[in-house]
Amino acid sequence: MFGFETSADKDVQEKNRVLVSELKQDLAFIFRIRGATLDKHTGLYTNPAIQQLINEVLFKNKGDDALCWEKYFSPFPCAGFALALTAIECAIDEWGSGRCEMISFKEENYSSMFSDHLASLDEFDKMTNKYKLLPNLLKQVYTNGR
């Protein structure tokens with residue numbers, strides 16, 4: 001998804017390590033388009049990986065939770081969105097050595113990241129409240145998942 005490559009080649013592994021660093025710097029992975037600096041990133045919270053993960057986990061089959069329990073998932077819950085961001089960050093961390101190595105997605109390892117994402121979403125909502133950007137984004141996530 002982000003361009004990681006599986007290889008024993010040391011140059012490829014170094015490229016993967018650099019990519020991990022770039023994606024995690026200023027949370028670049030949450031943007032649709034990554035720029036050279038934070039102010040050059042565009043598309044906050046619209047990286048296709050976010051919707052793809054949510055679709056794969058909650059909207060893939062007719063019996064999936066988000067479809068069966070619409071009243072709880074429409075609009076998509078902010079905490080669920082923060083959890084998706086945290087899961088993506090875990091997937092990026094798996095490439096930290098340059099090779100993909102499984103990392104357990106456990107509360108003890110990722111609860112602080114989840115809390116940070118949730119707080120950032122809350123701050124984003126407060127700063128853009130008059131435009132209703134976060135509520136509209138969460139409605140769109142549900143609509144795109146269906």
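Below, the structure is looked at part by part. Residue positions are counted from 1 within each chain, in the order its sequence is given. Selection of residues for local features in this predicted model requires a pLDDT of at least 70, selection of side-chain atom pairs for listing and counting requires 80 or more, and totals for whole chains, interfaces and linings are taken over all residues. As a convention, hydrogens and water are excluded, and side-chain values are obtained from all of the structure's heavy atoms.

**A word on the overall build of the chain**
Where helices and strands are cited, they refer to DSSP runs of H or I of at least four residues and of E of at least two residues respectively, numbered from the N terminus. Counting its regular elements, the chain contains seven helices and two strands. For the chain, the succession of helices and strands along the chain, N to C, is α-β-β-α-α-α-α-α-α. In this setup the radius of gyration rests on C-alpha atoms only. A globule is expected at 2.2 Å times the number of residues raised to 0.38. Taking 2.2 N^0.38 as the reference for a compact globule, 146 residues should give roughly 15 Å; the C-alpha atoms of the chain span a radius of gyration of 16 Å, in line with that estimate. Taking the principal axes of the C-alpha coordinates as reference, the chain spans close to 50 × 35 × 30 Å. Remark: exposure states derive from per-residue accessible area (1.4 Å probe, protein chains only) relative to the maximum for the residue type, with buried under 20%, exposed over 50%, and partly exposed in between. Residues classed as buried in the chain amount to 34% of the 146 residues present. Surface accessibility follows the Shrake-Rupley procedure with a 1.4 Å probe radius. Residue values consider only the protein chains on display as shielding. Per element, the accessible surface of the chain, about 9,000 Å² overall, is 53% carbon and sulfur. Positive charges come from Lys and Arg alone, negative charges from Asp and Glu alone, with His and the N- and C-terminal ends not counted. Taken as the charge centre is NZ of Lys, CZ of Arg, CG of Asp or CD of Glu, depending on the residue. On the chain, the mean spot of the 17 positive side-chain charges and the mean spot of the 21 negative ones are 6 Å from each other.

**Section: helix H5 (residues 78–93)**
One fewer than the residue count of a helix, multiplied by 1.5 Å, yields its expected span. The terminal C-alpha atoms of H5 lie 23 Å apart, and with 16 residues this matches the ideal 22 Å at 1.5 Å per residue to within 8%. Along H5, the residues classified as buried are Phe81, Ala82, Ala84, Leu85, Thr86, Ile88, Glu89, Cys90, Ile92 and Asp93. Contacts were defined at the residue level, with two residues in contact if any of their heavy atoms lie within 4.5 Å. Turning to H5, the residues buried within the fold contact helix H1 (10–24), helix H2 (48–58), helix H6 (107–127) and helix H7 (133–145).

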